[in-house]
Amino acid sequence: MSGESRAAAADPTENRREWVEFVRFPLGDHAYGLELGRVERIVADPDVTPVPQTGPAIAGVTNLGSELPVVVDARALLGLTARPDDAETTLVVLDRGDARPTGLLVEEVAGIDAHHVDTVRAPHEAAWDPPVGRRWFRAVIEDSERADRPVGVLDLDVLVDNARDQS
């Protein structure tokens, strides 16, 4: 994970508050991210039980012991092409404080990367053409190593509110 190696190689006296960690995952041909501090856990290949009479953005629910999080299909929510039925998935369980447990279903987690705060911009400040509307994003990571493909950092509140509206 290239971001971690950059952070580890940084001057040890450098202020750690100048670095932010993100969970990075692909959806189709583009990279997306979530702030690591907003992720409770990552579950590989979860068992998702469909819930009748919900919209396509709600894949169902899953049993995580004492929790039954609602599972939001990231592709369906963002209006991207559906993944094949036999594709493996990963659930990114969101840390939403005391709110109802919610997970975001993605193809895989590609890495946890540390980025300097100077590479993180508001979506309206970035020279970036997102694959979906800017309203879905909280930030954009414009890293020199990925200059041709910035990473859009999704806004959890917007995701969850829209998934609820579509259900």
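Note on numbering: residues in each chain are counted from 1, in written sequence order. This being a predicted model, a pLDDT of at least 70 is required before a residue's local features are given, and a value of 80 or more before pairs of side-chain atoms are given or counted; all residues contribute to the totals for chains, interfaces and linings. The basis for every side-chain value is the complete set of heavy atoms in the structure, and neither hydrogens nor water enter the calculation.

Caption draft 1: Layout of the side chain of Glu107. Elements are defined by DSSP. Helices are runs of H or I of four residues or more, strands are runs of E of two residues or more, and each kind is numbered from the N terminus. Of note, Glu107 is situated in the loop between β7 (102–106) and β8 (111–116). Exposure classes here rest on a 1.4 Å probe applied to the protein chains alone. A residue is buried below 20% of its type maximum, exposed above 50%, and partly exposed in between. Since its relative accessible area comes to 18%, Glu107 is described here as buried. Whenever two N or O atoms come within 3.5 Å, that pair is a polar contact, provided that in protein one can donate a hydrogen and the other can accept it, and provided that, for residues adjacent in sequence, both atoms are side-chain atoms. Side-chain polar atoms of Glu107 contact the side chain of Arg75, separated by 2.6 Å. A polar side-chain atom of Glu107 sits 3.3 Å from a polar atom in the side chain of Arg83. If sequence neighbours within four positions are ignored, Glu107 has contacts with Pro26, Leu27, Gly28, Arg75, Arg83, Glu88, Thr89 and Thr90. Note on contacts: a residue pair is in contact if any heavy atoms of the two residues lie within 4.5 Å.

Caption draft 2: Focus on the sheet that holds β8. Read from one edge to the other, the open sheet built from six strands follows the order β8-β1-β2-β11-β10-β9, with strand pairing classed as mixed. Edge strands, defined here as strands with exactly one partner in the open sheet, are β8 and β9 (120–121). Strands qualify as paired when DSSP identifies two bridges or more between them. Here six bridges tie strand β1 (residues 19–27) to β8, and the two strands are oriented antiparallel to one another. Bridged to Val20 within β8 is His115.

Caption draft 3: Looking closely at the pattern of salt bridges. We count a salt bridge whenever a side-chain nitrogen from Lys or Arg sits within 4 Å of a carboxyl oxygen from Asp or Glu. According to the stated counting rule, one finds 10 salt bridges in the structure shown. Here Glu35 and Arg138 are joined by a salt bridge, their closest N and O atoms 2.8 Å apart. Of this pair, Glu35 sits in strand β2 (residues 30–35) while Arg138 sits in strand β10 (residues 137–141); the two residues are 103 residues apart in sequence, bridging distant segments of the chain. Glu107 is the partner of Arg75 in a salt bridge, and the nearest nitrogen-oxygen pair spans 2.6 Å. Here Arg75 is found in helix α2 (residues 74–78), whereas its partner Glu107 is found in the loop between β7 and β8, with 32 residues between them in sequence. The two residues Arg75 and Glu107 agree in class, both being buried. Through salt bridges with shared partners, a single network forms among Asp73, Arg75, Arg83 and Glu107.

Caption draft 4: View of the side chain of Thr119. If you trace the backbone, Thr119 turns up in the loop between β8 and β9. Those residues in contact with Thr119, other than ones at most four positions away along the chain, are Val140, Ile141, Glu142 and Asp143.

Caption draft 5: Quick look at the nonpolar core. Nonpolar core, defined: a set of buried Ala, Val, Leu, Ile, Met, Phe, Trp, Tyr and Cys residues in which side-chain atoms within 4.5 Å join the residues together. Core analysis: the biggest nonpolar cluster contains 28 residues, and Phe25, Tyr32, Leu34, Leu104, Trp136, Leu154 and Leu159 have the highest contact counts within it. Broken down by secondary-structure element, the contributors of at least two residues to this core are β1, β2, β5 (70–73), α2, β6 (90–94), β7, β10 and α3 (156–166). Among the elements that make up this core, the one with the highest residue count is α3 (four residues). With near-sequence residues (within four places) excluded, Trp136 lies in contact with Leu77, Leu78, Val153, Leu154, Asp155, Val158, Leu159 and Asn162.

Caption draft 6: Spatial organisation of unusual backbone geometry. One non-glycine residue with positive phi stands out, namely Asp45, at about 45°. Along the chain, the position of Asp45 falls in the loop between β3 (39–44) and β4 (58–61). Using a relative accessible area of 47% as the deciding quantity, one classes Asp45 as partly exposed. Positive phi values are uncommon outside glycine, yet Gln53 reaches one of about 60°.

Caption draft 7: Summary view of the sheet that holds β4. Strand order in the open sheet formed by five strands is β3-β6-β7-β5-β4, with mixed pairing between adjacent strands. Either end of the sheet is taken by a strand with one partner, and the two such strands are β3 and β4. Geometrically, the sheet is characterised by an average inter-axis angle of 25° between neighbouring strands, direction not taken into account. Each axis is a line fitted through C-alpha atoms, taken for helices only over the stretch in contact, and angles between the N-to-C directions span 0 to 180 degrees.

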